[in-house]
Amino acid sequence: MTKTTTRLRELIRSGKPVLVPGCYNAMTAKIFETVGFPAVYMSGYGTSLALLGMPDAGLATMSEMHLNARYIANAVGVPVVADADNGYGNAINVIRTVREYVQTGVAGIHIEDQVMPKRCGHVAGKQVVSLDEAAGKYRAADAARRELDPDFVIIARTDARGASGGTLDDAIRRANAYLDAGADMAFVEGPTSVAEVERVCREVKGPIFYNQTGVSPRLSRDEMERLGIAITIFAGAAHRATMQAVYDFGVALRDEGPGAEARFIERFAKHPIGNVHQFAGFDQIRAWEEAFLPPDELAKYQGSVGHQPDKAGGPRSA
Amino acid sequence: MRSTTRLRQLLREPGIVVAPGAYDGFSARLIEAAGFKTIYMTGAGTAASHLGQPDLGLTTLTEMATHAGHLASCVNVPVIADADTGYGNALNVIRTVREYERAGVAGLHIEDQVAPKKCGHIAGKQVIPAKEFADKIRAATEYRTDPDFVVIARTDARAVTGLDDAIERANLYAEAGADMIFFEAPQSEDEMARVAREVGAPLLANMVAGGKTPPVKLTDLERLGYKLVIFPGVAMAAAVTAIEHALTRLKDTGSDWPDGPVLSPMDIFKRVGFDWWHAIEERFK
């Protein structure tokens, strides 16, 4: 099978805007893959919130981020694009960061030009390092991935538009400089209008990565195709949907008691991923057991209570 | 008793406290077995042993805290751990203190270098403004959950802005709440004496063979007024020499039998708690 890094490059070149939803862990990545998305995105905001219960303020460490990226990449077959914040330091740290992320099995990362510690791209108070310092980091990232996997995708994100005193002109200038330094895609974070997105797409000389969230306009598929956006992420998709669903369920359980859980299970059973054991992969486990364990071992299923996995590996194993 | 409280008690007793540097669980065990009352976790040694990399700010908070936890859990004496710059600004320092507390160490030191940091004894260090670092120390002391957790402020300013500024910084950090001052890399015994005279806080001395500070005898450090002395490289330097020697021998002779007495696998297991575990095995079998 083609490497995920190569497949991500094919997606970028497809000429159609690729819609990539943001997940925050292996489960939500699997859900988006099941729905049929050709790639998933690992949100740093979502990782920080889900893993640490903390805001996206540069508190999550590189170790925590790449570990989460690895769990996600191991859980799905589609390419994963992961948030790598500012590369966790200077150009030297970026080399380590790229190496660690390549090993996780993700297909690409974005690295931004914010100071340490960084913050969410859609929260005020951002600051950026100098263009030259940032360009050095992308040169370092480019060199590091060439050693390990030249197809690994380096996305240069500039936060200059929303930084204190920042302008779109500066952001466009930086995006072009970062592409020259060796980045594959430009990610201008936080344009505030369609006109700004149009300028980015016109004036940045490389494939465009667009984050459809926060202060930035929502665009239709047709608009994105017209503008020439290669990839658009919906960074907060999974954690926002999860937050709402879990909160509402919690309120129902608190107010209505156990009946709320019973009613939920009844509804969920009819849901496309309502067979949780199957979704989790027990059919695959059963198929592996059939293939690799002594036949006597399979007797454990006889007369045992609970979900009986499909020994053919279930519907998703084909 | 918690290790934090034990460390505070040790620091209140008369005399200088010696903390040899451990770079992993094995070296921590050997330090404890040798009778030392406290252990120092070296960041340079962690980077070297854990990652096989130099001390250039490549290790993450997660790696350092995890490593500190491994050390603290295999010994009974308090562990003081290197926490570099606190891995970011005052907010990151709050997270760092909490992670180190959970790791079970008794104290940490945070330095006023820019992130990513460099080893205190190599050129090219940079420091952040004194006020900014004082705020980081304030954040560390206000947000520790265990009041006995020891926060040591380290200044690297001697090599950057000079002795006078570094002394001024040390006093500012003490006022901000640091329990102890780690004045990194004074360049002579006279400088160490001046630091001891002019800094109004308990002091940590850092003895690094081959570093920028000359070796000073323990009795002299004590006389000057230093309360704690760390020898970060003692175990690692010994290990490097011994391992290189053994490997050369293996290459030359094709044998791993040493010149001197032979350490059997059991001799080694006994140094990492075999007897303790064996006694438990006997009780529960």
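Residues numbered from 1 in each chain as written. Chains lettered and ligands numbered in written order. Predicted model: local features only at pLDDT ≥ 70, side-chain atom pairs only at ≥ 80, totals over all residues.

Thoughts on the overall build of chain A
What counts here: In this text, helices come from DSSP runs of H or I with a minimum length of four residues, and strands from runs of E with a minimum of two, each type numbered from the N-terminal end. Our radius of gyration is a C-alpha quantity, and the globule rule it is checked against amounts to 2.2 Å times the number of residues to the power 0.38. Here exposure depends only on C-beta density: within 10 Å of a residue's C-beta, 20 or more other C-beta atoms make it buried, 12 or fewer make it exposed, and intermediate numbers make it partly exposed, the C-beta atoms being placed from the backbone.
When its secondary structure is counted, chain A shows 13 helices and eight strands. Here the C-alpha radius of gyration of chain A, 22 Å, is about what a compact globule of 318 residues would show, namely 20 Å. Across its three principal axes, chain A shows a C-alpha extent of roughly 70 × 50 × 40 Å. Taking all 318 residues of chain A together, the buried fraction comes to 46%.

Regarding the sheet that holds strand S6 (residues 180-183) of chain B
Residues and elements named next belong to chain B. Note the threshold: Being paired, for any two strands, means DSSP has found at least two bridges between them. Structural elements are reduced to axes, namely lines fitted to C-alpha atoms, with helices fitted over the stretch in contact, and the angle between N-to-C directions of any two is expressed from 0 to 180 degrees. What counts as a contact is two residues whose backbone-derived C-beta atoms lie within 7 Å of each other.
Reading around the circumference, S1-S2-S3-S4-S5-S6-S7-S8 is the order of the eight strands in this closed barrel, with parallel pairing throughout. On average, each strand axis in the sheet is tilted by 25° relative to the strand beside it, whichever way the strands run. Relative to strand S4 (residues 107-111), strand S3 (residues 79-82) is paired through three bridges, and the arrangement is parallel. Looking at the pairing, Ile-80 lines up with Gly-107 of S4. Along the sheet, helix H6 (residues 130-142) makes contact with S4 and strand S5 (150-155), crossing S5 at roughly 170°.

Observations concerning the pairing of strand S8 (residues 226-231) of chain B
Residue and element names in this part refer to chain B. This is how the line gets drawn: Here a crossover is taken to be right-handed if, once the strands point away from the viewer, the path from the first strand over the helix to the second is traced clockwise.
With six of its six residues buried, S8 lies for the most part within the structure. For strand S7 (residues 203-206) and S8, the ladder comprises four bridges, and the chain directions are parallel. When the bridges of S8 are listed, Leu-204 appears paired with Leu-228. Following the backbone out of S7, through helix H9 (residues 218-224) and into the adjacent parallel S8, one traces a crossover that is right-handed.

Brief notes about the domain arrangement of chain A
Rules: Segment limits for the domains were obtained from an automatic or database-derived domain assignment.
When the domains of chain A are assigned, the result is domain 1 (4-235) and domain 2 (276-318). In this structure, domain 1 of chain A and domain 2 of chain A have C-alpha centres spaced 39 Å apart.

Some thoughts on the interface of chain A and chain B
Selection criterion: Just so you know the grouping, Ala, Val, Leu, Ile, Met, Phe, Trp, Tyr, Cys and Pro go in nonpolar, Asp, Glu, Lys and Arg go in charged, and all remaining residues, Gly too, go in polar.
Listed by partner, the interface residues are 14 residues for chain A and 14 residues for chain B. For the side of chain A that touches chain B, the class distribution of residues is six nonpolar, six polar and two charged.

Considering the pairing of strand S7 (residues 208-211) of chain A
Residue and element names in this part refer to chain A. Alternating positions in S7 separate into two faces, Ile-208 and Tyr-210 on one and Phe-209 and Asn-211 on the other, with burial throughout. Across four bridges, the pairing between S7 and strand S8 (residues 229-234) is parallel. Counted as the bridge partner of Phe-209 is Ile-231 from S8. Handedness of the crossover joining S7 and S8 through helix H9 (residues 221-227): right-handed.

Some remarks on the environment of Thr47(A)
Residue and element names in this part refer to chain A. Locating Thr-47 in the fold gives a position in helix H3 (residues 44-52). Sequence separation between Thr-47 and Lys-137 is 90 residues; the distance between their C-alpha atoms is 23 Å. Each residue touching Thr-47, except ones within four places of it in the same chain, is listed here: Tyr-24, Met-42, Ala-60, Met-65 and Asn-68.

Overview of unusual backbone geometry
What you tend to see is this: most non-glycine residues have negative phi, and most peptide bonds are trans. Following Met116(A), the chain continues to Pro117(A) via a peptide bond in cis, the omega torsion being -15°. Tracing the chain through its elements places Pro117(A) in the loop between strand S4 (108-112) and helix H6 (131-148). Here the bond from Ala115(B) into Pro116(B) is cis, since omega is -5°, no more than 30 degrees from zero. Mapped onto the elements of the fold, Pro116(B) is located in the loop between S4 and H6. The backbone of Asp84(B) shows a phi angle near 50°, a positive value even though the residue is not glycine. Look at Asp84(B) and you get buried, because 25 C-beta atoms sit within 10 Å. Of note, the phi angle at Tyr87(B) is positive, near 65°, even though the residue is not glycine.

Digging into the confidence of the model for chain B
To be explicit about the condition: Predictor confidence is given residue by residue as pLDDT, running from a minimum of 0 to a maximum of 100.
The predicted model of chain B averages 96 in pLDDT, with 100% of residues at 70 or higher. Scored as a whole, the predicted complex attains pTM 0.91, and scored at its interfaces, ipTM 0.86.

Things to note about the packing of H3(A) against helix H4 (residues 62-75) of chain A
All names here are of chain A. Let me state the cut-off plainly: For classification purposes, angles smaller than 35 degrees are called roughly parallel, those larger than 145 roughly antiparallel, those between 65 and 115 roughly perpendicular, and all remaining angles oblique.
The geometry of H3 relative to H4 is characterised by a closest axis approach of 11 Å and an angle of 100° between their N-to-C directions. Accordingly, the angle class assigned to the pair H3 and H4 is roughly perpendicular. When H3 is examined against H4, the residues Gly-44, Thr-47 and Leu-51 are found in contact with a partner set consisting of Glu-64, Met-65 and Asn-68. For the contact of H3 with H4, the residue count by class is two nonpolar, three polar and one charged.

Brief notes about H6(B)
All names here are of chain B. Stated precisely, the cut-off is as follows: Every helix has an expected span of 1.5 Å times one less than the residues it contains.
Taking 1.5 Å of rise per residue, the 13 residues of H6 would be expected to cover 18 Å, and the 18 Å separating its terminal C-alpha atoms lies within 8% of that figure. When H6 is considered as a whole, its buried residues turn out to be Ala-130, Phe-133, Ala-134, Lys-136, Ile-137, Ala-139 and Ala-140. The elements touched by buried residues of H6 are helix H5 (90-103), S4, S5 and helix H7 (163-175).

A word on helix H2 (residues 26-35) of chain A
Residue and element names in this part refer to chain A. Those residues of H2 lying buried are Thr-28, Ala-29, Lys-30, Ile-31 and Phe-32. Against the buried residues of H2 lie strand S1 (18-23), strand S2 (40-42), H4, strand S3 (80-83) and helix H10 (237-256). Downstream of H2 by one or two residues, Gly-36 has phi in the positive range, about 115°.

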